[in-house]
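What the coordinates show
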Amino acid sequence: MTDAILRQGEAEEAARAPASAARRIGWRVWLLRSLAVRRLIVLLALAAIWEIAARVQANPIMLPSFAETARAFIEASLHEGLVWSALGSIWVLLKGYLAAILIATVIVSLAVSNSFLRDTLQTLAAMLNPLPAIALLPLAMLWFGLGEKSLLFVLINAVVWPFALAALQGFESVPETHRLVGRNYGLSGMAYVRHILIPSALPSIISGLRIGWAFAWRTLIAAELVFGVSSSSGGLGWFIFKSRNELFTDRVFAGLAAVILIGLLVEAVIFRGLESATVRRWGVLK
Amino acid sequence: MNAIATDAVVPVLEARRLTLDYETERGTVRAVDEVDFSVAEGERLVLLGPSGCGKSSILKAAAGFLRPASGTLHLRGREIGGPGPDRIVVFQEFDQLLPWKTVLGNVTFPLRVARGLTRKEAEERARHALDRVGLARVLHQFPHTLSGGMKQRTAIARALATDPEILLMDEPFAALDALTRLKMQQDLIEIADELKITLLFVTHAIDEAVLIGSRLHLLSAHPGRTIASFDTSGLGAADIGSARFERVTRDVHALLFDRRAAA
């Protein structure tokens, strides 16, 4: 009897509140589907596997544990100049990146205005595309010596071509209607470029900036690994190299973590932010 | 009906023996061959014909995007030398709205860059025009959130706000669904009557042409040549389905499609 009443009560409740049940399920599903939560789960799992593997291995010179690495990261940031190394790398990167964007802008404006120059750019970019920019480092060292100039040379080379190609493709795929609308209002010259071409090509331009940044960051770290020897400030690559030579393996891991963190941070904050403020908001992201 | 010809007033737009060519890989193709027409102040001239009759090319030439191979095009007596904001085009494509500008931004844009108004003046005029086409509620939305009909309304508001000598419309309703199209056609007629807009309208739909035009200019295809000119000024939205509307539509249809059979 009580059982029957109870069951009846359940049925009534279920009938009365399907909406709230759906919302409860929806909330859990939402949590599992949310990218941040998923990433957190993956990171926690990785840290756990790492910690277990390191303890089984029990040899911190080959594989320091996650906890040791975390400690080394904080320690190195506070006392061993990890932060300064990172800032040194970022400073060189910014110089090279901005110079490359300026050079690419000049190249693209020429390529847009002249079809022969456009084909030249495409040929050059196609040639240099399969070549990792770091492969030019030996030549750069021969021409410019050991120092920042060589770093900048490979950096600029890593950024100019992919960015120029992406921007050129963006300008070439500006819809005919946008062009006609601009001309209809009597726009020409720089006003036309500023009001029509650049905003219309912005999705490709941002994607080019993003690819350029990724190439630049990897190339720079790799170059610093090769010849941190001379540069006094070092940079992150040099920090990793030096720590390995001194067998501070936990600092090597800390340095690698810094490379990853900075890369992710720039991607998530700067480029995501730029996209959200522009092309995502305009609904033109392809 | 022929008041324009005898009137001493200079027509807003006048084509004399207008011939247009376009380049293809296999050489030059004649799109329009010696077409004459004129559009008087406040008149709504519809260029009507099958695809390939060069009607869009004529509109492009009037906008200044295309140079005539021979013949002339005059805007208020001055030869058209290039594009300009005294002739605003409403295109068929929805992407004529610049996606990086809001609805209000799209309408103020030509006022700022072509008319040189201050931001305040431009916004005031834009708001007024958007209000007129029924878009007062979506001023700050970006175009990708609008329906096709709303996008075309925005484009029309942009053209109205700029206050051109003549409004050039290139099948502006062709990509809309039938119900939206009818509503837009009726609204356009109402606005055009109220503001005394001079309009050059291109379409391949006969009912649309009869409805919107105060005069029709019929063109044949390959190359575009004038078949006839038709006065439809008495016909409006209220006449849809009436015997007279049907008769004119049938006559136009006969002229356009039975010509070869009749000849």
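We now turn to the structure provided with this report. No experiment lies behind these values; they were computed from the predicted model shown. (Residues numbered from 1 in each chain as written. Chains lettered and ligands numbered in written order. Predicted model: local features only at pLDDT ≥ 70, side-chain atom pairs only at ≥ 80, totals over all residues. Heavy atoms only, no water.)

Focus: the sheet that holds strand S7 (residues 166-170) of chain B
Residues and elements named next belong to chain B. For clarity, the threshold we go by: Only strands that DSSP links by at least two bridges are regarded as paired with each other. Only DSSP runs of H or I covering at least 4 residues are called helices, and only runs of E covering at least 2 are called strands; the numbering of each starts at the N terminus. Fitted lines through C-alpha atoms serve as axes, helices being fitted only where they are in contact, and the angles separating the N-to-C directions of these axes extend from 0 to 180 degrees. Contacts between residues were defined by any pair of non-hydrogen atoms, one from each residue, lying within 4.5 Å.
Read across the open sheet, the 6 strands follow the order S6-S7-S8-S3-S9-S10; overall the sheet is mixed. Every interior strand has two partners, whereas the edge strands, strand S6 (87-90) and strand S10 (225-231), have only one. Averaged over all pairs of adjacent strands, the angle between their axes in this sheet comes to 20°, without regard to strand direction. Strand direction decides the pairing type here: S7 and strand S8 (residues 199-203), joined by 4 bridges, are parallel. The residue bridging Leu167 from the neighbouring strand is Leu199, located in S8. On the sheet, helix H6 (residues 178-195) packs against strand S3 (44-48), S7 and S8 and is oriented at approximately 140° with respect to S3. Its contacts with the sheet place helix H8 (residues 243-257) against S3, strand S9 (215-220) and S10, and it is angled at close to 170° to S10.

A word on the packing of helix H3 (residues 103-113) of chain B against helix H4 (residues 119-132) of chain B
Residue and element names in this part refer to chain B. To keep it simple, the criterion reads: Comment on the angle field: the value is read as roughly parallel under 35 degrees, roughly antiparallel over 145, roughly perpendicular from 65 to 115, and oblique elsewhere. Left-handed describes a crossing whose near helix is turned anticlockwise from the far helix through less than a right angle; right-handed describes the clockwise counterpart.
Look at H3 against H4: their axes get within 9 Å of each other, and the N-to-C directions meet at 125°. Between H3 and H4, the angle falls in the class oblique. Between H3 and H4 the crossing geometry is right-handed. The segment H3 lies against H4, with Val103, Leu104, Val107, Thr108, Leu111 and Arg112 engaging Arg119, Ala122, Glu123, Arg125, Ala126, Arg127 and Leu130.

Re the interface of chain B and chain A
Rule in force here: For any pair of parts, buried area is found by adding up, for both, the accessible area (1.4 Å probe) each one loses once the two are put together. One speaks of a salt bridge when a side-chain nitrogen belonging to Lys or Arg is within 4 Å of a carboxyl oxygen belonging to Asp or Glu. Under this definition, polar contacts are N or O atom pairs within 3.5 Å; protein pairs additionally need one hydrogen-donor-capable and one acceptor-capable atom, and for neighbouring residues in sequence, both atoms have to be side-chain atoms. Residues are grouped as follows: Ala, Val, Leu, Ile, Met, Phe, Trp, Tyr, Cys and Pro are nonpolar; Asp, Glu, Lys and Arg are charged; all remaining types, including Gly, are polar.
Contact with chain B, which involves 24 residues of that partner, is made by 18 residues of chain A. Carbon and sulfur atoms supply 69% of the area that chain B and chain A bury against each other, a total of about 2000 Å² over both sides. On the surface where chain B and chain A come into contact, there are 0 salt bridges. Put simply, chain B and chain A have 6 residue pairs in polar contact (both at pLDDT 80 or more) between them. Per-class residue counts for the side of chain B that touches chain A are 15 nonpolar, 4 polar and 5 charged.

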